Amino acid sequence: MITFPAINISNPNFSREEDLTSFLLMDAFIYNNAEAYFQEYLNEHFFCDSNGKIFKIIGKKQPKSIFRKVFFFLPNSYKIELVFEATNEYLTLNDLRDFMIERVKTLGYGNFEVKWILELRKANSYQELILGKQN
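Definitions and limits used
Residues numbered from 1 in each chain as written. Predicted model: local features only at pLDDT ≥ 70, side-chain atom pairs only at ≥ 80, totals over all residues. Heavy atoms only, no water. Salt bridge = Lys/Arg side-chain N within 4 Å of Asp/Glu carboxyl O. Helix = DSSP H or I, 4+ residues; strand = E, 2+ residues; numbered from the N terminus. Buried < 20%, exposed > 50% of the residue type's maximum accessible area, 1.4 Å probe, protein only. Expected span 1.5 Å × (residues − 1). Arc of directions from axis to C-beta. Contact = heavy atoms within 4.5 Å.

Comments concerning the pattern of salt bridges
Part 1 of the reasoning: Under the criterion given, the structure shown has four salt bridges.
Part 2 of the reasoning: Close ionic contact of Lys60 with Glu35 constitutes a salt bridge, the shortest N to O distance being 2.4 Å. Highlighted residues: Lys60 in strand E5 (residues 53-61) and Glu35 in helix H1 (residues 35-41), separated in sequence by 25 residues.
Part 3 of the reasoning: Among the residues examined, Glu35 registers a relative accessible area of 39% and is labelled partly exposed.
Part 4 of the reasoning: Notably, a salt bridge pairs Lys122 with Glu119, separated by 3.3 Å at the nearest N-O pair. Taken together, the residues span about one helical turn, with Lys122 and Glu119 both in helix H4 (residues 111-122) at a distance of three residues.
Part 5 of the reasoning: What makes Glu119 partly exposed here is its relative accessible area of 34%.

Some words on H4
Part 1 of the reasoning: The terminal C-alpha atoms of H4, which comprises twelve residues, lie 17 Å apart, in line with the 16 Å expected from a rise of 1.5 Å per residue.
Part 2 of the reasoning: All buried positions along H4 are accounted for by Glu113, Ile117 and Leu120. Take H4 and look down its axis: the buried residues cluster within an arc of 60°, on one side only. Opposite its buried face, H4 presents the exposed residues Asn111, Phe112, Lys115 and Lys122, each directed more than 90 degrees away.
Part 3 of the reasoning: The secondary structure elements touched by the buried residues of H4 are helix H3 (93-105) and helix H5 (126-131).

Below is the structure:
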């Protein structure tokens, strides 16, 4: 069972043009049901969860609730549920840290990126690596 938050580890580079939140999952539900979004950012992608376990997204499910189906147009109402498959692979905390530092370096070396890298180096858990230190 996947533990959230989880981060996409399939794409080795961040891009300034992309919405970086598309690389993070806070739960198994997404609010965008566009097929192009699902195919580009989620389908067949690997995610490292808050325990270092690696999961692959293998599909999506439509909501079962009649209310969700009827009121699909309302904001903040999830559109689909992601289906995950365990890979039985793991990333150590240091491996995920190194991966994320390399990924941040692809954005450049401005003040923001340097600060982000310093925060990643201080992180003591998977959750801190993925979300940053929560105050």
